[in-house]
Amino acid sequence: MTRQQRRLSRIRNFLDLERAGKRHLPRPIYGYVANAAEEGKSLAANRAAFDDYCFVPRALRNVSRVSLETELLGTRYAAPFGIAPMGISALSAYRGDLALARAASRAEVPMIMSGSSLIPMEEVAKIDGSDWFQAYLPGDRPGIEALLERIERAGFRNLVITVDYAVPPNPDNNRRSGFSSPIRPSARLALDGLLKPRWLYGTFYKTLRHHGIPHFENNHATRGIPVISRNVNRDFSGRTHLDWDYLALVRERWPGNLVVKGILHPEDAKRAKDHGADGIIVSNHGGRQLDGTIAPLRALPDIVEAVGDYPVMIDSGFRRGTDVLKALALGARFVFFGRPFNYAAAYAGEAGVEHAIHLMREEIARDMALLGITEIQQMDKSRLREVR
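Here we summarise the structure given alongside this text. (Residues numbered from 1 in each chain as written. Predicted model: local features only at pLDDT ≥ 70, side-chain atom pairs only at ≥ 80, totals over all residues. Heavy atoms only, no water.)

## Considerations on helix H6 (residues 96–107)
Working note: α-helix, 3.6 residues per turn, so residues spaced by three or four point in the same direction.
Argument step 1. End to end, H6 covers 17 Å across twelve residues, agreeing with the expected 16 Å (1.5 Å per residue, within 8%).
Argument step 2. Elements that come into contact with the buried residues of H6 comprise strand E4 (81–83), helix H5 (89–92), helix H7 (121–125) and helix H16 (339–371).
Argument step 3. Looking at the residues trailing H6, positive phi occurs at Glu 108, about 60°. (Helix = DSSP H or I, 4+ residues; strand = E, 2+ residues; numbered from the N terminus. Expected span 1.5 Å × (residues − 1). Contact = heavy atoms within 4.5 Å.)

## Looking at the nonpolar core
Argument step 1. Residues Leu 159, Ile 280 and Phe 341 are the most contacted members of the largest nonpolar core, which totals 106 residues.
Argument step 2. Looking at this core element by element, the count peaks at 15 residues for H16.
Argument step 3. Ignoring anything within four residues of it in the chain, the contact list for Phe 341 reads Phe 14, Phe 81, Gly 82, Ile 83, Met 86, Leu 100, Val 353, Ala 356 and Ile 357.
Argument step 4. Of all hydrophobic cores here, the second largest spans twelve residues; its members include Leu 72, Ile 112, Trp 132 and Val 259. (Core = buried A, V, L, I, M, F, W, Y, C linked by side-chain atoms within 4.5 Å. Buried < 20%, exposed > 50% of the residue type's maximum accessible area, 1.4 Å probe, protein only.)

## Considering the packing of helix H3 (residues 27–34) against H16
Argument step 1. Relative to each other, H3 and H16 sit at 155°, their axes nearing to 10 Å. Of the possible angle classes, the one that applies to H3 and H16 is roughly antiparallel. Residues Tyr 30, Val 33 and Ala 34 of H3 pack against Arg 339, Asn 342 and Tyr 343 of H16.
Argument step 2. Its residues assigned to classes, the contact of H3 with H16 comprises four nonpolar, one polar and one charged. (Axes fitted to C-alpha atoms, helices over the stretch in contact; angles between N-to-C directions. Parallel < 35°, antiparallel > 145°, perpendicular 65-115°, else oblique. Nonpolar A, V, L, I, M, F, W, Y, C, P; charged D, E, K, R; others polar.)

## Some thoughts on unusual backbone geometry
Argument step 1. A positive phi angle, close to 60°, is found at Glu 108, a residue other than glycine.
Argument step 2. As for its position among the elements, Glu 108 is in the loop between H6 and strand E5 (112–113).
Argument step 3. If you check the backbone angles, His 285 has positive phi at about 65° while not being a glycine.
Argument step 4. Here His 285 is to be found in the loop between strand E9 (279–282) and helix H14 (296–307).
Argument step 5. The exposure class of His 285 is buried, given its relative accessible area of 14%.

## Re the side chain of Arg 7
Argument step 1. Looking at the secondary structure, you find Arg 7 in helix H1 (residues 3–9).
Argument step 2. Despite its burial, Arg 7 remains without a salt bridge, the nearest opposite charge being carried by Asp 16 at 13 Å.
Argument step 3. A polar atom in the side chain of Arg 7 sits 2.8 Å from the backbone oxygen of Tyr 347.
Argument step 4. If we skip the residues at most four places from it in the chain, Arg 7 touches Arg 198, Tyr 347 and Ala 348. (Lys, Arg positive; Asp, Glu negative; His and termini not counted. Salt bridge = Lys/Arg side-chain N within 4 Å of Asp/Glu carboxyl O. Polar contact = N/O pair within 3.5 Å; in protein donor to acceptor, adjacent residues only side chain to side chain.)

## What about the pairing of strand E7 (residues 158–162)?
Argument step 1. Counting buried positions along E7 gives five out of five residues, so the element sits mostly inside the fold.
Argument step 2. Residues Asn 158, Val 160 and Thr 162 point to one face of E7 and Leu 159 and Ile 161 to the other, with burial holding for every one of them.
Argument step 3. Across four bridges, strand E6 (residues 132–135) lies against E7 in parallel orientation. The partner of Trp 132 across the bridge, within E7, is Asn 158.
Argument step 4. For the crossover that starts at E6, traverses helix H8 (residues 141–154) and ends in the parallel E7, the hand is right-handed. (Pairing = 2+ DSSP bridges. Right-handed = clockwise from strand over helix to strand, strands pointing away.)

## A few points about the sheet that holds E5
Argument step 1. Across the sheet, which stays open at both edges, the eight strands sit in the order E4-E11-E10-E9-E8-E7-E6-E5 with parallel pairing between neighbours. In this open sheet, the two strands that pair with only one neighbour each are E4 and E5.
Argument step 2. Summarising the sheet, E5 and E6 pair through two bridges and their orientation is parallel. Residue pairing in the sheet places Ile 112 in a bridge with Trp 132 of E6.
Argument step 3. The strands touched by H14 within the sheet are strand E8 (257–263), E9 and strand E10 (312–315), with E10 carrying the most contacts at an inclination of about 170°.

## A few points about the packing of aromatic side chains
Working definition: an aromatic ring pair is given by the centre-to-centre distance plus the angle between the planes.
Argument step 1. If you walk through the whole model with that rule in mind, you get 15 aromatic pairs.
Argument step 2. Arranged with centres 5.3 Å apart and planes meeting at 50°, the rings of Phe 133 and Phe 156 form a pair that is tilted. One end of the pair, Phe 133, is in strand E6; the other, Phe 156, is in the loop between H8 and E7, with 23 residues separating them in the sequence. Grouping residues by exposure puts Phe 133 and Phe 156 together as buried.
Argument step 3. Among the aromatic side chains, those forming a connected cluster through ring pairs are Phe 14, Phe 50, Phe 81, Phe 318, Phe 337 and Phe 341.
Argument step 4. The ring of Tyr 347 has Arg 7 sitting right over it, with the charged end atom 3.9 Å from the ring centre.
Argument step 5. Over the face of the ring belonging to Tyr 94 we find Lys 206, whose NZ or CZ atom lies 4.3 Å from the ring centre. (Phe/Tyr/Trp six-rings, centres within 6.5 Å; stacked < 30°, edge-to-face > 60°. Lys NZ or Arg CZ within 6 Å of the ring centre and 35° of its normal.)

Written out as structure tokens, the structure reads:
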């Protein structure tokens, strides 16, 4: 057994990944990944929501062959889950977006590249199956059109527009952990890096040596600011006026599948559908934006009822195979995981992400067999009871 294999053998579930990520990452980087808005009430609600439902298994069913294959937006995937968009993941892991994309490609699950990533989208798009891109819309029509042209030219087929970021969230928890965007050099920042030598050499030093200081590469049609800077501030103020008319513009200009992420209200789900979106992702941004929001799992039933037979995906708070199956039973077509895959890439790079995908596939397959089902499509409301 190699050293890498020994390290990964200690990771048995996604909760282990978070502990490993905390041990591996410098305080500011871990703080950014783990951060939740204000008092963490949205984050806590995301996890607590899964306790609202319990399973009703069926016995003596032939479960010798269990299939996790799932169709989403015209593509068949090997499992009903994928990797959510995560900004600046190349600070957590060396060439993080590439590690995530390559592992997802081999496992035949989708990985959504983040618009706040540090590797040019064109590099990631070259990887087989890497055809999902998430964008934050620039604040003006020419900027939107130029960005859409670049995304299409790169070869992406599925465009995810995140709509729950009109303004940045309260930054107090990021500041407490020492994180800012861009990162400002300081003596404390240097000490935080020195305390994590595996990250310092394996991610930070290797990146600087081979690629220079990373930049925000994909927020606009052109390269953005460096991720480490003493005096530059990222400006998000130009998004406050964005409304449904801008989504209509995207639909008019974008030829591929269009997915709207950050939906929590049934009326917004219907409006996205009416504006021509091909699907939505029910999400509260992992509890990172507005504190005290409804958990996506609790919002899911009303949204599914509002839009009918329509691709509804979900993220935020998912950690177990049983979490995935509860969401599928309530009408979700697909589930996306964020933080756990970031920790996996940080801890062991591409191999860590592959290991994480394998763990989740094994959990879901085992849980399906224990429920007495053999195909994802069999997971419906009859398998659940609401806890009152």
